[in-house]
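# Coordinate inspection notes
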Amino acid sequence: MKALQFIIRRKIMVGLLSVLIVMIGCYAVLNLDEELLPSFTVDMGYVNVYAGDQPAAEVERTITTPLETQLKDVDGVKEVSSTTYAGQSSLQIEFEQGKGEESIKEVESLVNASKPDLPGVEKVESGQYGTTQSYQFFLDVSGGDLKEMTVFAKDTLEPRLEELPEVRDVDLSGALEQEVMIEFDRESLEEEQLDINQVIGVIQQSNSESTLGELTGETDSPSLRWNTTVDQLNDIEAIDIPTQDGTISLDKIAAVSLQPKESSSFVWKNGTKDFIFAQIGGADGFTDIETAEAVRGELESIKEEGLTESFQVNEIVAQADYVKDSIDGVTSNILIGGAIAIVILLLFLRNIRATIIIGVSIPTSILLTMASIWVFDYSLNILTLIGLGLGIGMMVDSSIVILESIYRKKEQGLEQISAVLEGTREVASAVLASMLTTIVVFLPIGLLGGEMGQFMMVLSIVVAITLISSVIVSFTLIPALSERFLMHKKTKKPNTESSWIKGYGRMTAWVVKKKRHSAAVIGLFILMFASSLFLVTKIPMTIMPDMFNRYAEVIVDFDSGLAEEDKEELVQQMNDSLENVKDVESNYIIDDGNMFYTIINMTKDKEITEDQDLVNENIFRSLRALQDKQPIQSVQSAMSGGGGFPVEVQIKGDSFEELNLLAKDFANDLKDIEGLAGVTTSIDRTTKEEVVEVKENVVKNAGLTTEKLKLSLEQALLNTSISEVTIDEAQVPVNVRWQEEADTSQALMDWTIPTEDGNKKLSSFIALTSVDTPNEISHIDGERFVSVAADIEGRDLGAVNRDVQKVIESFDTPAGYDISAAGDLEQQQELIQEMILILGIAIFLVYLVMAVQFNHLLHPLIVMSVIPITIVGVILGLFLTQRELSVMSGMGVVMLIGIVLNNAILYIDRTNQLRRQGYRVEESLIEAGKNRMRPIFMTSLTTAGGMLPLALATGSAGNYQAPMATVIISGLLFATILTLVLIPAVYRLFSKTDRKEQKELETSPLNTTAG
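Predicted, not measured: the structure shown is a model, and the values here were computed from it. (Residues numbered from 1 in each chain as written. Predicted model: local features only at pLDDT ≥ 70, side-chain atom pairs only at ≥ 80, totals over all residues. Heavy atoms only, no water.)

## Side note on the packing of helix H2 (residues 11-31) against helix H11 (residues 352-375)
- Contact geometry of H2 with H11 gives a least axis separation of 8 Å together with a crossing angle of 55°. Regarding the angle of H2 to H11, the classification is oblique. At the point where H2 passes H11, the crossing takes the left-handed sense. Of the residues in H11, those touching H2 at Ile21, Val22, Ile24, Gly25, Cys26, Tyr27, Ala28, Val29 and Asn31 are Thr364, Leu367, Leu368, Met370, Ala371 and Trp374.
- When grouped by side-chain class, the residues that make up the contact of H2 with H11 number twelve nonpolar, three polar and no charged. (Axes fitted to C-alpha atoms, helices over the stretch in contact; angles between N-to-C directions. Helix = DSSP H or I, 4+ residues; strand = E, 2+ residues; numbered from the N terminus. Parallel < 35°, antiparallel > 145°, perpendicular 65-115°, else oblique. Left-handed = near helix turned anticlockwise from the far one by under 90°. Contact = heavy atoms within 4.5 Å. Nonpolar A, V, L, I, M, F, W, Y, C, P; charged D, E, K, R; others polar.)

Okay, here's the thing in structure tokens:
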């Protein structure tokens, strides 16, 4: 109380500190970084090893298995899973919590040290997963001559953008690139008795540059340099090739030409490659918005200079736009929510001055929160703004409770300073307890692992900061302003209870009059809770909601080893399908090895004719319809919160044959589940491979060796790069091949090689046997497994999960084989278990805080009796709105536990105060209900009103905000109405009242309201 008296007497100090908070908060708002999601890494890493054209089984044996063995011994590595493809080994590493950044360094060091010992390795990539993207701005140069656009992109666009301090890197693809092609005539080589390898060696030597040594006997010891580089096509044609009869020029035995490089582009725009694709990455220290503004400014300058008159430079995707739209949307929702909260206060208090006081406390609390966020070095992103938006309603709770208590004391006739002191003292402990119960529910969030856990931790900290800021303001600014500024108009009429309060008083009196009445009320609520559980299966479920921003990223997996012409045909089919989807504006398909990464832009603003969820569904349906005709394995969203396929089941065991049979049987069972599409098994995806069988006796009799035979086969398949030359200041590769290529089995078998008895066909020495080799081989901690995967159409993940789990439980597997859920199914099951654990710990921590507050073991249980009723409200809210139960809505439930208890705490705290003043139990409950009815409804409605815009939100972040806000609003409003009945019933049932007290109650004036 002394501290409160000090604050009231030092109003100038409080005012100046408030101004200081406003100044610092405004500075923080202007200087906070803006980004879509906070930047952080997760405890997951990857290693990708590229090994040319080696078959998957060979890559598994020589690369994957040795690397797995070494990686499992790295400190901090929890699990190593791998998928081996033809020519590629992809390893996924899960680290122990908190050891990711340290362990990934050891992993990268180990992989780099092992590279020389791994046969056929061309490239190794490794790193740690996180939320930061390499490139944030994408554009294309199209609509003109490709040669002219290439010159512009390389000589103007790339250097000028890279000069900007906000830009780290510009990556171009699709630019016109050329190569020198030397096509040898085999007959000419045989006539000149030349060996192809000798000719290639001469070409390489003719295009070389090196330092031979130094002339040490001369002044300054000049170096002696050899330079025979060529820079013209004519120079290559004129290279002298030594023969037995002298020398001949290269053009006598080969055709030399400058050709457009094959596969120089890996991106298609609306089915065509006649454009240049540019990816722009932002520099460290600059936000996506700053990078986008700088790039757009430079592009405008380039346009004004007339450098793009014969073609167009088009933006594809700018991450900054979604950042800005999301932040603007959440910000406007916060402002609307604050306005709604103030209107609700005005309707309840009907006092302009009281509303102004609360209106001043809201921006002060917000700016104090912003200053704290800036101090903690957080950014302004979707999560921090959602946390602030959720806190807006709760932000005024403590201020309302204190202000209402002061106002009620003034209504009772207390003097100015006495009303402030008494009003604040009466609710101080309840306000502090309410804040603590709301904050402690967030402490177990740290148990939620991975990326989800880090997301939720940021959200939790922001909400906690918001609540602490609001309580600081409520105990300083509210009392200081309330002493003189808060006026109560004195009337000659005595204060009378409203009809609402009188009606509530009569109902409460009936509930607490007899314990059997209380028991009946409690039984009714238990029945209500049990009945609501039947609706749980009717609520859609997912892991993380999608972001709807008129833009989609889709991953299309296809069979490995697909030829370029087959990829081209697949792209054309995909483009044709997407063009028939309403509201799809353009598509960009990026070839990323064994999958197409597809960016799909949709119509915006006034051109929108369909909601994005429907457009997304039509996109997936149209692409999945191609699976029957094209080598597509799966179609899935790259923007979903889960990892891998929506439905994935792993079958572990040793025998490929047995795994294959089990996988096929299980896949057939899955096909009977409604809503599953594109059911595939990883072991079904095989590639034809021709195995060479050597006729050793024939080879030996012909005077050959297997080494010479292998060399002849390699020469027959000649198609490789041997050097680079500089033509027109550009590095151009030099490739060699035969004019007549042996690109079929028959052509290879007809290829002739020299023997002691003359030239003979290869078919005399070898035979080819066709075998099916697996396209991919999967391991977890070195153990082989086969995955059965499927996509989802028309149903939510939760409903499908339940059906798949039934199939898993009923599926019989032989000894030594195991079947389990994986992918999104596994992640959802783990998240449900973690959320249940978090909820349990949160409830215990709330109980702990209240037990200390009340110094009583039973009273906290009475308060917590509202939790089941709150769950009923949550279930009804999600069921009626058909919002998804996800991690975000699960977080809303955890937050709600802390929020709904605030009303019960106010009720019980006031009841205990009245009992200490001599009131009996029944009288205390009736009077406490009347005293606390107005602040309970005010705080609940302002919280719900403040979150209403978030619940109705659309746009980029709408799907993130709406489920959480829906859970809180529905649960809070339902619990608020019933709390005022349930709490007195539970309190009455578990309290002791002797017969004398019961008799006095029946004649008490307070009880006459029941009549």
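## Looking at the sheet that holds strand S16 (residues 551-558)
- Strand order in the open sheet formed by five strands is S13-S17-S18-S16-S19, with antiparallel pairing between adjacent strands. Edge positions in the sheet fall to strand S13 (267-269) and strand S19 (632-637), since each of these pairs with one other strand and no more. Across this sheet, the average inter-strand angle for adjacent strands is 20°, counted without regard to direction.
- Alignment of strand S17 (residues 584-591) against strand S18 (residues 595-602), held across seven bridges, turns out to be antiparallel. If you follow Ile589 over to S18, its bridge partner there is Thr598.
- Lying on the sheet, helix H18 (residues 564-579) is in contact with S13, S16, S17, S18 and S19; it crosses S18 at an angle near 25°. (Pairing = 2+ DSSP bridges.)

## Brief notes about the pattern of salt bridges
- All told, the structure shown has 25 salt bridges when counted by the stated rule.
- For Lys78, the salt bridge identified is with Glu94, shortest N-O distance 3.6 Å. In this pair, Lys78 is assigned in strand S2 (residues 77-85) and Glu94 in strand S3 (residues 88-95), connecting sequence segments 16 residues apart.
- When its relative accessible area of 54% is taken as the criterion, Lys78 is described as exposed.
- Ionic pairing is found between Asp591 and Lys567, a salt bridge with its closest N-O pair at 3.0 Å. Here Asp591 is found in strand S17, whereas its partner Lys567 is found in helix H18, with 24 residues between them in sequence. The same class applies to Asp591 and to Lys567, which are both buried.
- Bridged by salt links that share partners, the residues Glu404, Arg408, Lys409, Glu426, Arg910, Arg932 and Arg934 form one connected network. (Salt bridge = Lys/Arg side-chain N within 4 Å of Asp/Glu carboxyl O. Buried < 20%, exposed > 50% of the residue type's maximum accessible area, 1.4 Å probe, protein only.)

## Examining the packing of aromatic side chains
- Per the stated rule, a full pass over the model turns up eleven aromatic pairs.
- Centre to centre, the rings of Trp268 and Phe596 are 5.7 Å apart; their planes meet at 70°, and the pair counts as edge-to-face. Linking Trp268 in strand S13 with Phe596 in strand S18, this pair joins segments that are 328 residues apart in sequence.
- Ring centres 6.1 Å apart and planes at 70° place the aromatic pair Phe275 and Tyr588 in the edge-to-face group. Linking Phe275 in strand S14 (residues 275-282) with Tyr588 in strand S17, this pair joins segments that are 313 residues apart in sequence. Comparing Phe275 with Tyr588 shows no difference in burial state: the two are buried.
- Counting every residue linked through ring pairs, the aromatic cluster contains Phe184, Trp738 and Trp751.
- The positively charged end of Lys123 is found above the aromatic ring belonging to Tyr50, 4.9 Å away from the centroid. (Phe/Tyr/Trp six-rings, centres within 6.5 Å; stacked < 30°, edge-to-face > 60°. Lys NZ or Arg CZ within 6 Å of the ring centre and 35° of its normal.)

Honestly, it's all geometry; don't read function into it.
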